[in-house]
Amino acid sequence: MLIEKYEKIFMQISAVFLFAAVVALVVSVTGDHASLPEPAGRLDPDDVRTTEPFDEPGVFQTGDNEYSVVMVAQAWQWEPAEIEIPAEADVTFTVTSTDVIHGFWVPETQANAMVIPGQVTEFTMNFDEPGTHSLICHEYCGIGHQNMGGTINVVSAN
Ligand code: CUA
């Protein structure tokens, strides 16, 4: 009898944690500056280098305060590995991989996405403050994984 009582209590605690997790997810998705990375397209990983826009990775101004960053992930580097963008601009990252799964992570920001061969990952970011951020691969991708880094320089908008 006592065991059944404990079991019921534990089930209720589990339900509370599940509910809290769902609430946290909804809040983080609907909160400001958050956008879920979404598959924006598909392509053969072997064709990345010859398919637009990945045949020309780089930073492009696309509007008044809008930028597009096209990136290719390949073991074990990001191309381009160094990016410069103005603060407070809307920056859309379009990323894919030519080989294995990589992870796009900029610590202390909302940028956190999987980069999957065969898939185009797209998400929009807004860096509020000028500063230098590290771009880190956070998905184990082989022997050079820990060296797969980059830099995002956020410069003053003026
Ligand atoms: Cu790329 Cu780890």
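For the structure itself, consult the block above.
What counts and what doesn't
- Each chain carries its own residue numbering, running from 1 in the direction its sequence is written.
- Local features are withheld for residues below a pLDDT of 70 in this predicted model, meaning they are given only at 70 or higher, and side-chain atom pairs are given and counted only at 80 or more; totals for whole chains, interfaces and linings count all residues.
- Just so you know, side-chain values use all the structure's heavy atoms and leave hydrogens and water out.
- Pairing between two strands requires that DSSP report at least two bridges joining them.
- Secondary structure elements follow DSSP: runs of H or I of four or more residues count as helices, runs of E of two or more count as strands, with numbering from the N terminus.
- Lines fitted to C-alpha atoms define the axes, with helix axes restricted to the stretch in contact, and inter-axis angles between N-to-C directions lie between 0 and 180 degrees.
- A side-chain nitrogen of Lys or Arg and a carboxyl oxygen of Asp or Glu constitute a salt bridge if their distance falls within 4 Å.
- Exposure categories follow from relative accessible area, calculated using a 1.4 Å probe and restricted to protein chains: below 20% of the type maximum is buried, above 50% is exposed, and the middle band is partly exposed.
- Only buried Ala, Val, Leu, Ile, Met, Phe, Trp, Tyr and Cys residues count toward a nonpolar core, and they belong to the same one when joined by side-chain atoms within 4.5 Å.

A. Main features of the sheet that holds strand β11 (residues 149-155). In spatial order, the strands read β5-β11-β10-β7-β8; together these 5 strands make up an open sheet with mixed pairing. The strands lining the two open edges of the sheet, one partner per strand, are β5 (82-86) and β8 (112-115). Adjacent strand axes in the sheet meet at a mean angle of 20 degrees when their direction is disregarded. In terms of strand pairing, strand β7 (residues 102-105) meets strand β10 (residues 131-137) through 2 bridges, oriented antiparallel. Counted as the bridge partner of tryptophan 105 is isoleucine 136 from β10.

B. Up close: the pattern of salt bridges. In this structure the tally under the stated criterion is 1 salt bridge. With its nearest N and O atoms 2.7 Å apart, the salt bridge here joins arginine 49 to glutamate 79. Taken together, the residues span a long stretch of sequence, with arginine 49 in the loop between β1 (38-42) and β2 (58-63) and glutamate 79 in strand β4 (residues 77-79) at a distance of 30 residues. With a relative accessible area of 31%, glutamate 79 lands in the partly exposed category.

C. Structural detail: unusual backbone geometry. Here the bond from glutamate 52 into proline 53 is cis, since omega is -5 degrees, no more than 30 degrees from zero. Looking at the element boundaries, proline 53 is found in the loop between β1 and β2. Glutamate 79 connects to proline 80 through a cis peptide bond whose omega is 0 degrees. Positioned with a positive phi, glutamate 88 is a non-glycine residue whose angle comes to about 70 degrees.

D. Representation of the nonpolar core within the structure. Grouped together as the largest cluster of nonpolar side chains are 26 residues, with contacts concentrated most on Met71, Trp78, Ile85, Phe93, Phe104, Phe127 and Ile152. Element by element, the count of residues in this core is highest for strand β3 (residues 66-74), at 4 residues. Leu43, Val48, Phe54 and Val120 belong to the second-largest nonpolar core, a separate cluster that totals 6 residues.

E. Region of interest: the pairing of β7. Across 4 bridges, β7 lies against β8 in antiparallel orientation. Along β8, the bridge assignment pairs glycine 103 with methionine 114. Turn length for the β7-β8 hairpin, with the two strands adjacent in sequence and antiparallel, is 6 residues, and the turn residue glutamate 108 shows positive phi of about 65 degrees.

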